Amino acid sequence: MDPVVQTIALTMGVAWASGINLYAAVFMLGYMGMTGHMELPPDLQVLADPLVLAAAGFMYCVEFFADKTPGVDTGWDGIHTFIRIPAGAILAAGAVGDVSQAAQIAAGLVGGSLAAGAHATKAGSRVLVNTSPEPLSNWAASLGEDVVVIAGLWTALNHPWIFLGLLLVFILAMIWLLPKLWRGIRRVFRFLINRISGRREAQASPPQPLNRPTLPGQEDRHTP
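Residues numbered from 1 in each chain as written. Predicted model: local features only at pLDDT ≥ 70, side-chain atom pairs only at ≥ 80, totals over all residues. Heavy atoms only, no water.

K.L.:
Got a minute to help me understand the overall build of the protein chain in this structure?
P.N.:
Within the protein chain, the secondary structure is distributed over seven helices and zero strands. The order of helices and strands in the protein chain, counted from the N terminus, is α-α-α-α-α-α-α. Among the 224 residues that make up the protein chain, the fraction classed as buried is 38%. When the accessible surface of the protein chain is summed, it comes to about 13,300 Å², and 70% of that surface belongs to carbon and sulfur atoms. (Helix = DSSP H or I, 4+ residues; strand = E, 2+ residues; numbered from the N terminus. Buried < 20%, exposed > 50% of the residue type's maximum accessible area, 1.4 Å probe, protein only. Areas by Shrake-Rupley, 256 points an atom, 1.4 Å probe, with all protein chains shown as cover.)

And the structure:
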C-alpha cells in the first residue's frame, strides 16, 4: 500500500469526519491506536491517551442524544461550528506525520476547509429535517451520519483509494447541494420570522369592539 496515498486518505478522512461527528472520529482513531490496530502519526498519538478517549467517549454520548432531538441538534451544530472546523484543521495537520512545516500548514488549510464544508452540509440538512413534524427523521439522519463517519474512517485506513474516490463524489455533491440548502434554510427562517412578527402584531393590537345590530326602536330609546 502506497504510504503517500494512505497518508492523504487519513488526512482528508479525519478532516471530513470531524466536520460531521468530531467525537466519534477522535474516539475511533484513539481506540484503534491504543489497541494496536493502526499506528497513529506522532502528532496524533495523544488521541490514544485514556483521558482523551474518556473525554471523546463522554462527549459522543452527549452528542448522541442532543443530535437526535429536533431543534436541539441545530443549536448543537451552531455551537460546534467553532469546534469542529478548527479541530478538523488540527487533526489534518497532525495526520500528515513527520513532514515539513509548510506541508502541515497546507494540510491544515485543506483539512479545515473540508471540515467546514462537511459541517455546513450536515448542519444545513438538519435544519431542513427539523421542518418534519415527526422525530424519526432526526434519528434516521443522526444514526446514518454516525455509520457514515465510522465506515468512512475505516475505509480511509484500509482502502485509501476507494475512500478518496468516494470523497471526491462527496465534494462534488456538496458543491451542488450547499446552494440548495442555503435557499431552503432562508425560506425556513423567513417563515419563522413572519410567524413571530405576526404573533407580536396580534398581541400588540387592542381588541376591537363588536358592532352589534340595532333592534327596531332602540335607536331612539335615549333620545329626549
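Still more to cover.
K.L.:
Help me understand the pattern of salt bridges in this model?
P.N.:
Any two side chains of opposite charge can pair, so long as their charged atoms come close to each other. Under the criterion given, the structure shown has eight salt bridges. Taking the shortest distance from any N to any O, the salt bridge between arginine 84 and glutamate 63 comes out at 2.9 Å. Taken together, the positions of arginine 84 in helix α4 (residues 81-95) and glutamate 63 in helix α2 (residues 50-66) put the pair 21 residues apart, joining distant regions of the chain. According to the relative accessible area criterion, arginine 84 is buried, its value standing at 0%. Taking the shortest distance from any N to any O, the salt bridge between lysine 122 and glutamate 145 comes out at 2.6 Å. Note that lysine 122 is positioned in helix α5 (residues 101-129) and glutamate 145 in helix α6 (residues 136-158), a separation of 23 residues in sequence. Residue glutamate 145 is classed as buried on the basis of its relative accessible area of 13%. Here the salt bridges do not stand alone but share partners, grouping Asp67, Asp73, Lys122, Arg126 and Glu145 into one network. (Salt bridge = Lys/Arg side-chain N within 4 Å of Asp/Glu carboxyl O.)

K.L.:
What's the story with a positive patch on the surface in this structure? I'm lost.
P.N.:
On the surface, Lys180, Arg183, Arg186, Arg187 and Arg190 cluster together into a patch of positive charge. Turning to its location among the elements, arginine 187 is positioned in helix α7 (residues 160-204). Its relative accessible area of 53% is what places arginine 187 among the exposed residues. (Patch = residues over 30% accessible without salt bridge, like charges linked within 9 Å, V, L, I, M, F, W, Y side chains within 5 Å. Lys, Arg positive; Asp, Glu negative; His and termini not counted. Charge placed at Lys NZ, Arg CZ, Asp CG, Glu CD.)

K.L.:
Before we go on, may I ask you to explain the packing of aromatic side chains in this structure?
P.N.:
How two aromatic rings sit relative to each other is set out by the distance from centre to centre and by the angle between their planes. Per the counting criterion, the structure on display carries six aromatic pairs. With a centroid separation of 5.9 Å and an interplanar angle of 70°, the aromatic rings of tryptophan 16 and phenylalanine 163 are classed as edge-to-face. Remark: phenylalanine 163 occurs in helix α7 and tryptophan 16 occurs in helix α1 (residues 3-34); sequence separation between them is 147 residues. Taken as a pair, tryptophan 16 and phenylalanine 163 share a single burial class, namely buried. When the centroid spacing of 6.2 Å and the interplanar angle of 55° are considered together, the rings of tyrosine 60 and phenylalanine 64 count as tilted. Taken together, the residues tyrosine 60 and phenylalanine 64, both in helix α2 and four residues apart, mark about one turn of the helix. The partly exposed category is assigned to tyrosine 60, whose relative accessible area is 23%. (Phe/Tyr/Trp six-rings, centres within 6.5 Å; stacked < 30°, edge-to-face > 60°.)

K.L.:
Which parts of the structure should I look at to understand the side chain of histidine 80?
P.N.:
By secondary structure assignment, the location of histidine 80 is in the loop between α3 (72-79) and α4. Once residues lying within four places of it in the same chain are set aside, the contact partners of histidine 80 are Tyr23, Glu63, Ile85 and His119. (Contact = heavy atoms within 4.5 Å.)

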